[in-house]
Amino acid sequence: MEQSIHCGVRSSAAIAGHPVHPIFITFPIAFFTGVLATDIIYLATKNMFWSKMSFYLLIFGLIGSVISAISGLVEFLSLRNVRQYRIGWAHAIGNVLAVSIAAVNFAIRINPAMPVYLVLSAVTVLILGFTGWWGGELSYKLGIGVDMNTRVKT
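Residues numbered from 1 in each chain as written. Predicted model: local features only at pLDDT ≥ 70, side-chain atom pairs only at ≥ 80, totals over all residues. Heavy atoms only, no water.

There is a patch of nonpolar side chains on the surface, built from V104, I108, M114, V116, V119 and V123 and spanning about 410 Å² of accessible area. Per-element accounting of the nonpolar patch gives the leading share, 3 residues, to helix α6 (residues 116-141). Residue position: I108 is located in the loop between α5 (86-107) and α6. (Patch = residues over 30% accessible without salt bridge, like charges linked within 9 Å, V, L, I, M, F, W, Y side chains within 5 Å. Areas by Shrake-Rupley, 256 points an atom, 1.4 Å probe, with all protein chains shown as cover. Salt bridge = Lys/Arg side-chain N within 4 Å of Asp/Glu carboxyl O. Helix = DSSP H or I, 4+ residues; strand = E, 2+ residues; numbered from the N terminus.)

With that out of the way, let us pick up the side chain of R109. If you trace the backbone, R109 turns up in the loop between α5 and α6. Its relative accessible area of 14% is what places R109 among the buried residues. A polar atom in the side chain of R109 sits 2.8 Å from the side chain of D39. The contacts of R109, once residues within four sequence positions are left out, are V35, D39, S54, L58, Y117 and S121. (Buried < 20%, exposed > 50% of the residue type's maximum accessible area, 1.4 Å probe, protein only. Polar contact = N/O pair within 3.5 Å; in protein donor to acceptor, adjacent residues only side chain to side chain. Contact = heavy atoms within 4.5 Å.)

Moving on: the pattern of salt bridges. The final tally for this structure, using the stated rule, is 2 salt bridges. For the salt bridge of E137 with K141, the shortest nitrogen-to-oxygen distance reads 3.6 Å. Note that E137 and K141 are positioned in helix α6 at a spacing of 4 residues, about one turn of the helix.

Attention now moves to unusual backbone geometry. Even without being a glycine, K46 presents a positive backbone phi close to 60°. If you trace the backbone, K46 turns up in the loop between α2 (26-45) and α3 (48-78).

Here we take up the environment of S139. If you trace the backbone, S139 turns up in helix α6. The class for S139 is partly exposed, based on a relative accessible area of 23%. Note: C-alpha distance between S139 and V82 (57 residues apart in sequence) is 9.9 Å. When neighbours within four sequence positions are excluded, S139 is seen to be in contact with I144 and V146.

Position of N105 relative to the elements: it lies in helix α5. Residue N105 is classed as buried on the basis of its relative accessible area, which comes to 1%. Of the polar contacts made by the side chain of N105, one reaches the side chain of R109; its length is 3.1 Å.

It is worth spelling out the environment of F24 at this point. Among the secondary structure elements, F24 is positioned in helix α1 (residues 21-24). By relative accessible area, which is 28% here, F24 ends up partly exposed. Sequence-wise, F24 and G72 are 48 residues apart; in three dimensions their C-alpha atoms are separated by 9.3 Å.

For the rest of this paragraph, the subject is the confidence of the model for the protein. Taken over all residues, the pLDDT of the protein has a mean of 85, while the share at 70 or more is 84%. Mean pLDDT values for the elements of the protein range from 72 in strand β1 (residues 14-15) up to 96 in α2. (pLDDT = per-residue confidence, 0-100.)

A word on α6. An ideal rise of 1.5 Å per residue puts 38 Å on 26 residues; α6 measures up with 37 Å between its terminal C-alpha atoms. If you check which residues of α6 are buried, you get Y117, L120, S121, T124, I127, L128, T131, G135, G136, E137 and L138. The secondary structure elements touched by the buried residues of α6 are α2 and α5. Positive phi shows up at G143, right after α6, with a value of about 80°. (Expected span 1.5 Å × (residues − 1).)

Now for the nonpolar core. Membership of the largest hydrophobic core is limited to 11 residues, which are F32, V35, L57, L58, L62, A98, I101, A102, L120, I127 and L128. When neighbours within four sequence positions are excluded, F32 is seen to be in contact with L58, G61, L62, S65, A102, T124, V125 and L128. By size, the runner-up hydrophobic cluster in this structure holds 8 residues, among which are F76, V82, I87 and L142. (Core = buried A, V, L, I, M, F, W, Y, C linked by side-chain atoms within 4.5 Å.)

Right, here's the structure in full:
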């Protein structure tokens, strides 16, 4: 059974003591969720604007994923505590899977009317829901990226 860390583990990818991975992940999550929304709107309206928006949101989501993945990989490789938990592995592997599905979604977007895009977008967002939850567990319950020795002066 996995045990909780109570003292916190300082982030190895931080700016002024603030972990950057939680900052960067918000962008790909928002962009990939936007892809799902614009795919649904396109299928409902057949307005090409929404198909183009999905395409551009995928581009920005993939770019954001690379930036987020670099910071996450630094944490994963440099903090043994992350790798000792199954949830750390599930978070990492799930995110690689979600971004891979999004990349396939981007690569095959030739005919905007293909409903497979909607399925790929939905699966990406579903996986990100799980990996986001697991990332929260790593931070909030296991203390990964939490520096308990830092005090804020007010």
